[in-house]
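In case you want the letters, here they are:
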Amino acid sequence: MKKPLRLALLAAAIAAAGAPALSRAEVALLNVSYDVARDFYKDYNPLFQKILENQAGESIELKQSHAGSTKQVRAVADGLEADVVTMNQATDVEFLADKGLVARDWAKKFPGNASPYTSTMVLIVRKGNPKGIRDWATSPSPASR
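To start, this report covers the structure provided alongside it. Only a predicted model underlies this, so the values are computations on that prediction, with no experimental measurement involved. (Residues numbered from 1 in each chain as written. Predicted model: local features only at pLDDT ≥ 70, side-chain atom pairs only at ≥ 80, totals over all residues. Heavy atoms only, no water.)

## Looking at the pattern of salt bridges
Okay, so step 1: Taken as a whole and judged by the stated rule, the model has five salt bridges.
Okay, so step 2: The shortest N-O distance in the salt bridge between Asp35 and Arg38 comes to 2.5 Å.
Okay, so step 3: Among the ionic pairs, Arg104 bridges to Asp98, the shortest N-O distance being 2.7 Å. Of the two residues, Arg104 and Asp98, neither departs from the other in class, the shared state being exposed.
Okay, so step 4: Three or more residues joined by partner-sharing salt bridges are found here, namely Glu94, Asp98 and Arg104. (Salt bridge = Lys/Arg side-chain N within 4 Å of Asp/Glu carboxyl O. Buried < 20%, exposed > 50% of the residue type's maximum accessible area, 1.4 Å probe, protein only.)

And the structure:
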């Protein structure tokens with residue numbers, strides 16, 4: 001049988017909600033997440049780990065599993081025993097809800113209707129940006145150029 005799945009869409013939401021109750025036998029937590037979040041959690045996990053260890057009074061290991069979001073939610077649905085699933089797409093969480101692994105009303109359980117942030121896309125261009133690639137969100141619209 002699968003462990004209960006604890007859902008967090010943002011690591012800060014986990015910390016704000018408080019540390020999960022841990023027994024002596026439970027000394028490792030697995031966060032299943034999408035690829036882009038790998039570097040964030042690499043830097044954030046040591047800080048979060050200290051909070052958990054202070055609250056639990058014992059050493060806790062934080063494990064990470066990162067891949068494409070579709071691959072990750074399918075792995076969880078197929079039995080990967082995640083303690084935390086951090087995804088940036090509502091459709092990924094809805095997939096888990098459809099499988100009965102996340103409460104149907106998951107969005108209402110967090111501030112902002114469980115939409116704490118949006119994905120950040122990073123484009124790396126060649127030196128001097130020879131193709132003139134721009135960030136359209138902050139650049140003037142084509143009509144105003």
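## Structural notes on the nonpolar core
Okay, so step 1: Ranked by size, the top nonpolar core spans 19 residues in total, and within it Val76, Val85, Met87, Leu96, Val102 and Trp106 carry the most contacts.
Okay, so step 2: Mapped onto this core, the elements with two or more residues apiece are strand E2 (28-34), helix H3 (69-77) and helix H4 (90-98). (Core = buried A, V, L, I, M, F, W, Y, C linked by side-chain atoms within 4.5 Å. Helix = DSSP H or I, 4+ residues; strand = E, 2+ residues; numbered from the N terminus.)

## Side note on unusual backbone geometry
With the exception of glycine, most residues fall at negative phi, and the peptide bonds are largely trans.
Okay, so step 1: The backbone of Asn129 sits at a positive phi, close to 45°, despite the residue not being glycine.
Okay, so step 2: One can find Asn129 in the segment after helix H5 (111-114).

## Observations regarding the pairing of E2
Okay, so step 1: Among the seven residues of E2, six are classified as buried, and the element is accordingly described as predominantly covered.
Okay, so step 2: Relative to strand E3 (residues 61-67), E2 runs parallel, the two being bridged by seven bridges. Pairing of Ser33 across the sheet is with His66, part of E3.
Okay, so step 3: In this fold, E2 hands off to helix H2 (residues 38-56), which returns the chain to E3; that crossover is right-handed.
Okay, so step 4: Pairing of E2 with strand E4 (residues 84-86) involves three bridges; the strand directions are parallel. What sits directly across from Ser33, in E4, is Thr86. (Pairing = 2+ DSSP bridges. Right-handed = clockwise from strand over helix to strand, strands pointing away.)

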